[in-house]
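Letter by letter, the chains look like this.
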Amino acid sequence: MKFTISRDALLKPLNLVAGVVERRQTLPILANVLMVLEDDRLSLTGTDLEVELVGRVQLAGAGESGEVTVPARKLVDICKSLPEGSDIQFAVKDSKVTVKSGRSRFTLSTLPSREFPNVEDSLGTHQFKVKQGQLKRLIDRTAFAMAQQDVRYYLNGMLWELSGGQLRVVATDGHRLALCTLPEKLNADGDTQVILPRKGVLELARLLLDEAAEVVVVIGRNHIRATTNDFTFTSKLVDGKFPDYQRVLPRSPDKIVVGSRLELRQAFTRTAILSNEKYRGVRLKLTDNSLDIVANNPEQEEAEEAVPVQYEGDSLEVGFNVSYLLDVLGVLSGDEVKLSLSDPNSSALLEESEEGDSLYVVMPMRL
């Protein structure tokens, strides 16, 4: 196997593929990236047995075909350290890879490519095409609400629901819920619900760089696969039952507050400074056309902000984790935000005041 490639053409796919590779792997081969050359097409594969990513690069000229696995992190570090615009020559001989560029020369050890694990090719049951920018928006608007290391493993991921040609994604950690629906209908047959693991969600979001280009998504029983011009991404699905998110959405909240998203975000950021560092609680006091935000901490310090809002109705006092509210205000767009409440013990519903495609539910705190 022998070929020449420009540093800049190799670095982008290599970086993304190496991102999938586990640092604390149990199998030595999982620390490696598989390089396969067929004439002038080079493919790079990285996996941690849960998520697999294949990047493809077109070479300027054909090389000697072959395949080899090399240590991912070392190869990335070598490529990053070489000057921009330089060419890199790869040659494989006696289970060693020689990487040359200019006056630099590196010899890396390899492992047999036949040992490299292959994520099974299961047939997909559902398939659809969507613009990368649209899919990235769905993920960006909901990913923050995924649980991180919850024992309820199905919460450490994101629900993808295909129903009547409509794609909806939902994430929750049990304290808050984020939901975003693709406005356009997709050309997809049948309905399904699958849970994408947290790592799969984050890696897929990193790949969706070309907003206008399409990505083809195939959902199988155990896997989901997304293919773009440059990458093929495969992830195992989480085997579990996602909670019924419809039951979490507040039913007919009667207290509707509309305020400036920027003003509220700044006010919450300031009051958060004096909130309890562990629980991050703030109290919202709602009166006619005014929202008072109050934070206290164990040192007996207090912060108070009054924000003008559009609201008419009974006064109400309710507590929330300020970090959850700030996360939502950080992903919403538009000038105004709509906050729907009913009583101090029920969840708040946040959305853009115009017809938006996203809904957010935050559970109250007892303060």
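Bear in mind that the values here come from a model prediction, so they are computed numbers and not experimental data.

The rules behind these values
Residues numbered from 1 in each chain as written. Predicted model: local features only at pLDDT ≥ 70, side-chain atom pairs only at ≥ 80, totals over all residues. Heavy atoms only, no water. Phe/Tyr/Trp six-rings, centres within 6.5 Å; stacked < 30°, edge-to-face > 60°. Helix = DSSP H or I, 4+ residues; strand = E, 2+ residues; numbered from the N terminus. Buried < 20%, exposed > 50% of the residue type's maximum accessible area, 1.4 Å probe, protein only. Contact = heavy atoms within 4.5 Å. Axes fitted to C-alpha atoms, helices over the stretch in contact; angles between N-to-C directions. Left-handed = near helix turned anticlockwise from the far one by under 90°. Nonpolar A, V, L, I, M, F, W, Y, C, P; charged D, E, K, R; others polar. Pairing = 2+ DSSP bridges. Salt bridge = Lys/Arg side-chain N within 4 Å of Asp/Glu carboxyl O.

Here we come to the packing of aromatic side chains. As enumerated under the stated definition, the model contains 3 aromatic pairs in all. On the numbers, 4.9 Å between centres and 10° between planes, the contact of Phe-3 with Phe-90 is stacked. In this pair, Phe-3 sits in strand β1 (residues 2-6) while Phe-90 sits in strand β6 (residues 87-93), placing the two residues 87 residues apart along the sequence. Taken individually, Phe-3 and Phe-90 each receive the classification buried, so the pair is uniform in this respect. Aromatic side chains Tyr-153 and Tyr-154 sit 5.8 Å apart centroid to centroid with 70° between the ring planes, which places their arrangement in the edge-to-face category.

As a further point, take the environment of Glu-312. With respect to the helices, strands and loops of the structure, Glu-312 is situated in the loop between β20 (302-308) and β21 (316-321). Linking Glu-312 and Val-57, residues 255 residues apart in sequence, is a C-alpha distance of 60 Å.

Take Glu-84: it is sitting in the loop between α2 (72-81) and β6. The spacing of Glu-84 and Asp-8 is 76 residues in sequence and 6.8 Å in space, taken between C-alpha atoms. Glu-84 has contacts with Arg-7 and Asp-8, leaving out every residue within four places of it along the chain.

Before going further, it helps to examine the packing of helix α1 (residues 7-20) against α2. Remark: α1 packs on α2, axes separated minimally by 10 Å, with the N-to-C direction vectors making an angle of 145°. Classified by chirality, the crossing of α2 by α1 is left-handed. Facing α1, whose interface residues are Arg-7, Leu-10, Leu-11, Leu-14, Asn-15 and Ala-18, α2 presents Ala-72, Arg-73, Leu-75, Val-76, Cys-79 and Lys-80. Among the residues making up the contact of α1 with α2, the classes are represented as 8 nonpolar, 1 polar and 3 charged.

Counting buried residues along strand β23 (residues 348-352), 5 of its 5 residues qualify, which places the element largely inside the surrounding structure. Of the two faces of β23, the one holding Ala-348, Leu-350 and Glu-352 and the one holding Leu-349 and Glu-351 are both buried throughout. As defined by bridge partners, strand β22 (residues 336-341) adjoins β23 across 4 bridges and the pair is classed as antiparallel. Within β23, the residue paired with Leu-339 across the bridge is Leu-350. Connecting β22 to the antiparallel partner β23 that follows it, the hairpin turn spans 6 residues. Two strands pair when backbone bridges link them, and β23 and strand β24 (residues 358-362) are joined in this way by 3 bridges, in the antiparallel orientation. Considered in β24, the bridge of Leu-349 is made with Val-361. Counting the residues in the hairpin turn of β23 and β24 gives 5 residues.

For the rest of this paragraph, the subject is the pattern of salt bridges. Overall, the coordinates contain 14 salt bridges when judged by the stated rule. Residues Arg-7 and Asp-8 are paired through a salt bridge, measuring 2.9 Å at the closest nitrogen-oxygen approach. Owing to a relative accessible area of 9%, Arg-7 belongs among the buried residues under this scheme. Here Lys-199 ties to Asp-48 by a salt bridge, and the two come within 2.9 Å at their closest N and O atoms. Pair noted here: Lys-199 is in helix α4 (residues 198-207) and Asp-48 is in the loop between β3 (41-47) and β4 (51-58), with a separation of 151 residues, a long-range link. Look at Asp-48 and you get buried, because its relative accessible area is 11%.

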